[in-house]
Structures are given as structure tokens and as C-alpha cells.
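Structural overview
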Amino acid sequence: MQFENRAPDEHVNYSIEHPLKEFAWLAGGVFGGLLLITLLAGFFAGELAARLPYRYEQSLAADTASLLVDRATDPRGIAIEQELNRLAARIAAHMPLPEGMQVTLHYQDTPELNAFATLGAHLVIYQGLLARLPDENTLAMVLAHEMAHAQLRHPARSLGRGVAVGIILSALNSGMGRSAAGGALSTTGGISLLKFSRDQERDADAAALATIAALYQHVGGAQDLFRVLASAGAGSEQLRVSMLSTHPLSQERIDAIATLARTRGWPEDGTRTPLPVALRGAQPAN
Amino acid sequence: MDFILDYFELALFLFLLALGFFAGRFLERRHYRSIRQREKKLAKVLTFATRFPPNLVEPQDCRLVSGCVVISSDYFKQFVGSLRNLVGGRFRGYETLLDRARREAILRMKEDARRAGYYLIVNVKIENTSIVGGRQGAMPSFELFAYGTALKPIKHAV
């Protein structure tokens, strides 16, 4: 009796297809699908949140704003806040704020180069940013930009969106555990939120520019703001990947301002107003 | 430098993915080459799944022979695998992994038999054990264990 073990057929038990083909299909399908779902959910959640009457946002803000924002207690801080609120009131006169919206400015005596708007139209500006602003026009651009976020209900939209996308991602996360793809999928969900965030910045820039043009009859100072931000961003700005940033790149924003000013016929510069005396106090001693 | 720090997680992920893909593919090809070569070399050691020796007439000397192999997935396969877990379907990356492991375990068993002078193995079975690390989401590893009864005719010293 003669027996033989033949060599196994190499095409039965495994596939000879290139592994990158399977990878491309799976990654494209899963990541594309997730991006689409989070973009859709984010869009509808944001629109829904922006349509809620402002008083609901206000009552929510009453609980959270006191935690987020320390009120200035020293006399200098109070004087700066008063001056900022006066300027905000002048800007508000040129802005179609929703009914019942009262903008409140807060000053933070810390060196961060930042300003933000949160629920209930509470705006915060940091000493680090205020100290770098050359004139009132530039400061007005900062305030108008943050007020535009409030006017366009961006904090409420972001909250609604964050909740919707967060629910999707946590559902996915509980299913995936700490697998290799789990982290990458969460990042993809986060990227869709970043897209909304950049769109909001562009909308706020445009609304702020219209307000500045109405207030000063020119848009001088608006571009300076982003030059200040770019120069303080120190180098990394050029290398930042636009798709992975919360804000559009400074140069893009400067260009967008120039284009918008040209199409609307706003003079790109004019007489600048110096900073009010109380705010000059925020400048560093030297 | 700032760029690397800003996107460190992303860069690390892409690096691991590329490392897994290129290293995994290189090792897999090399392993398959070695498997095919040794399968030819050990072709004269015959293996059967049947419980009975083909030659039931002659008395046989027998002994247990075994071959064991532990394999681990690479980052690329694991990544594709976790995506595959979401949508289902044929898991191509692990098919080659387990195919290699099975053939390697059988080869080691044959080698074990050949060294002891046996050229026939019956009742060949393969067991597998999954070795899961302590933390969740750890790289999957498996142990494959092939064993069988090696037979050779008893030479009568009269």
C-alpha cells in the first residue's frame, strides 16, 4: 500500500487578495459611515439646540456660568470689566441679538492669549490677549466676534452637538472596548465636531466684521487681531493641519476678511480709536 | 517639532499601522516560504486523521508526538480585525495567520516524529487556545497544538 500526503492547496484556506484592499474597504466604509452619521447627528442636534428659546439657555447658564467664570474682585479688574461692558453695549447696538439676550463681559487676569463665549452670552477675555491689542478697533473685533458667537447661538449649538456626538461615540466605545480601531473611531467623531467649530469661527468672523464696519465705518483692526494671534502662535501655526484644528488658520481668516471687505465695499482701514484709559492698564508695565 | 508634538497620537498610530503592515507582511512571506520548503522536506512523514493505522496486520511500536506553536497578530491585522468586528465577514488577515500556525504546528509534530525515527502519524488532532493578556484590547495570541500517535513496525530481533 502506497500513501502520500499531498501539499495543501494554497488557495482554499486563505485568501491571496492584497491585505490593503480589505483595509481600504473596511476603513473607508466604517470611517466614512461614522463621519457621515456624526455630521448628520451633529447638524440636527445643533440646529435643534439653536431653535430652543433663549430663556432655556439662560437658566442652564445660571447654573454653569458661575462655575466657569470668576468675577473680578479687585478694583482694577472691576474697572476693566466696566469698560469692556461699555464697549460691548456700543457694539450690541449694531448687532441683531436675540430677544432677552444680555451680553456680560468678564475679565480674567491670566496670561492666556484667548477669549471665549459661553452659554447665556457670558464672554470672557484674558489679560494675555487684551495686553496685546493695539487699539479699540482690534478689541472691538474680539468682542464682536465673541458676541457674534452668542448671537448665532453657537455655545448652545456646540452643547447640543457635543451631546449628540458624545452619545454616538460612547455607544460605539462600549461596543469596541479598547481595541485598536476604537481610539481611531473616536478621533474621527471628534473631527466632525472640529468641522462645525471652524464653520462657526468663519460665521462669527463675518458677523463681527459687518458689526465693526457699521460701528467705525471701516474694518481696520480686524486683520490685526489675527496677525497678533498668528505671531503669538509662534511657528506651529504654519504646520498646523487645517482639518484637525478648531479654528481656521490665521492667514485664511486674514484673507477672508480682505475678500469680504472688498465685496461689501467696506474700507479696509481708517481712523483708529485708541484704547480707553482703563483698558490700557491691562498692558504690561514696560 | 511642534507638528510632531501636536499630532503625536496620530503619528504614533500611523507609525504602528505601517510597522504592523510592512513587518507583518515581510515575516508572513518569509514564514510561508519556510513552511513550503519544510513541508517538502518532511513529506515522507505521513499524517492521517484516522484512528487506525493503515497497516493493521503488523504489530506497531507507538509513541505520542506533538508540535506546538504560539503566534501573535500584528497591529495592522488587529486594526483591520477590530473594524471587521463591526461589520462582519471573512477575516482574511487572521486566515493566513491561523493557516500558518496550523501548518507550523503539524511540521513541528512531524519533526518530533522524524527525530525519533517514526514516519507515520495517525489520529492527528489540533487544539487551539487563545492567550488573552491581562488588559482588555490586548493583542490576540493563540497557541496551536498538534498531536498524534506515531507508529513504526516493530522489528523482531529473533
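Our structure's up above, just so we're on the same page.
As the structure is a computational prediction, the values presented were derived from the model and not from experiment. (Residues numbered from 1 in each chain as written. Chains lettered and ligands numbered in written order. Predicted model: local features only at pLDDT ≥ 70, side-chain atom pairs only at ≥ 80, totals over all residues. Heavy atoms only, no water.)

**Considering the sheet that holds strand 2 (residues 60-72) of chain B**
All names here are of chain B. Under the convention used in this document: Pairing between two strands is assigned when DSSP locates at least 2 bridges connecting them. Secondary structure is summarised from DSSP: a helix means a run of H or I of at least four residues, a strand means a run of E of at least two, and numbering begins at the N terminus for each. Contact definition: two residues touch when any of their heavy atoms are within 4.5 Å. Angles run from 0 to 180 degrees between N-to-C directions of axes, and those axes are lines fitted to C-alpha atoms, restricted for helices to the stretch in contact.
The four strands lie next to each other as 1-3-4-2, forming an open sheet whose pairing is mixed. At either end of the open sheet lies a strand with only one pairing partner, and these are strand 1 (46-47) and strand 2. One ladder, built from two bridges, connects strand 1 with strand 3 (residues 120-131); its direction is parallel. Residue pairing in the sheet places Leu-46 in a bridge with Leu-120 of strand 3. Here helix 4 (residues 92-115) sits on the sheet in contact with strand 1, strand 2, strand 3 and strand 4 (141-153), set at roughly 145° to strand 2.

**As for the pairing of strand 1 (residues 104-108) of chain A**
All names here are of chain A. Where we set the bar: Exposure classes here rest on a 1.4 Å probe applied to the protein chains alone. A residue is buried below 20% of its type maximum, exposed above 50%, and partly exposed in between.
Most of strand 1 is tucked away, with five of its five residues classed as buried. The alternating pattern of strand 1 places Thr-104, His-106 and Gln-108 on one face and Leu-105 and Tyr-107 on the opposite face, and all of these are buried. The pairing of strand 1 with strand 3 (residues 122-126) spans five bridges and is classified as parallel. Directly across from Tyr-107, in strand 3, lies its bridge partner Ile-125.

**Here we look at helix 10 (residues 250-264) of chain A**
Residues and elements named next belong to chain A. Just so we agree on the cut-off: In this analysis, the expected span of each helix is defined as 1.5 Å times one less than the number of residues it contains. Working definition: the arc comes from the directions between the helix axis and the C-beta atoms, pointing outward to the latter.
An ideal rise of 1.5 Å per residue puts 21 Å on 15 residues; helix 10 measures up with 21 Å between its terminal C-alpha atoms. Those residues of helix 10 that sit buried are Ser-250, Arg-253, Ile-254, Ile-257, Ala-258 and Ala-261. Along the axis of helix 10, the buried residues cluster in a sector spanning 140°; they form a single face. Exposed and oriented more than 90 degrees from the buried face of helix 10 are Arg-262 and Thr-263. Backbone geometry just after helix 10 places Gly-265 at a positive phi near 75°.

**Quick notes on the packing of aromatic side chains**
For the record, the criterion: Two rings belonging to Phe, Tyr or Trp (six-membered ring only in the last case) form a pair when the distance between their centres is within 6.5 Å. Interplanar angles under 30 degrees mark stacking, angles over 60 mark edge-to-face geometry, and anything in between is tilted. Here, a charge over a ring is recorded when the distance from Lys NZ or Arg CZ to the ring centre is within 6 Å and its angle to the ring normal is within 35 degrees.
Throughout the structure, instances matching the rule amount to 13 aromatic pairs over all chains. Note on B:Phe21 and B:Phe22: the rings are 5.1 Å apart at their centroids and 75° apart in plane angle, and the pair reads as edge-to-face. B:Phe21 sits in the buried class, given a relative accessible area of 10%. A network of ring pairs unites the aromatic residues A:Phe23, A:Phe31, B:Phe13, B:Phe21, B:Phe22, B:Tyr75, B:Phe76 and B:Phe79 as a single cluster. One cation-aromatic arrangement involves A:Arg161 over A:Phe196; the distance from NZ or CZ to the ring centre is 4.0 Å. The cationic tip of B:Lys152 hangs over the ring face of B:Tyr118; the distance from NZ or CZ to the ring centre is 4.6 Å.

**Looking at the nonpolar core**
Condition: To qualify as a nonpolar core, a set must consist of buried Ala, Val, Leu, Ile, Met, Phe, Trp, Tyr and Cys residues joined through side-chain atoms within 4.5 Å.
Counting residues in hydrophobic clusters, the biggest one holds 45 residues, and the most contacted among them are A:Leu84, A:Ile125, A:Leu139 and A:Met141. Sort the elements by how many residues they give to this core and helix 5 (residues 136-151) of chain A lands first, with nine residues. Apart from residues lying up to four places away in sequence, A:Leu139 is in contact with A:Leu84, A:Leu87, A:Ile125, A:Leu130, A:Leu133, A:Leu275 and A:Leu279. Counting residues in hydrophobic clusters, the runner-up holds 20 residues, among them B:Val69, B:Leu97, B:Ala101 and B:Phe142.

**As for the sheet that holds strand 3 of chain A**
All names here are of chain A. Taken together, the three strands give an open sheet; going across it, the order is 1-3-2, and neighbouring strands pair in mixed fashion. Every interior strand has two partners, whereas the edge strands, strand 1 and strand 2 (115-118), have only one. Taking each pair of neighbouring strands and ignoring which way they run, the sheet shows an average axis angle of 20°. Docked against the sheet, helix 3 (residues 75-92) engages strand 1 and strand 3, running at close to 145° with respect to strand 1.

**Describing unusual backbone geometry**
Residue and element names in this part refer to chain A. Here Arg-153, not a glycine, exhibits a phi torsion of approximately 60°, which is positive. Along the polypeptide, Arg-153 turns up in the loop between helix 5 and helix 6 (154-176). For Gln-217, which is not glycine, the phi torsion reads 65° and is therefore positive. Within the secondary structure, Gln-217 sits in the loop between helix 7 (180-216) and helix 8 (222-233).

**Some thoughts on the environment of B:Phe91**
Following the sequence through the fold, B:Phe91 ends up in the loop between helix 3 (75-87) and helix 4. Between the alpha carbons of B:Phe91 and B:Val80 there is a distance of 8.7 Å; along the sequence they are 11 residues apart. Excluding residues that lie within four positions of it along the chain, B:Phe91 makes contacts with A:Glu22, B:Gly81 and B:Arg84.

**As for the pairing of strand 4 of chain B**
Along any regular strand, the residues point their side chains to alternate faces of the sheet. All names here are of chain B. Pairing analysis gives 13 bridges linking strand 2 to strand 4, with the strands arranged antiparallel. Each residue of the ladder has a partner; that of Cys-62, found in strand 4, is Leu-151. Examined bridge by bridge, strand 3 and strand 4 share 10 bridges and lie antiparallel to one another. Following the sheet pairing, Leu-120 is matched in strand 4 by Leu-151.

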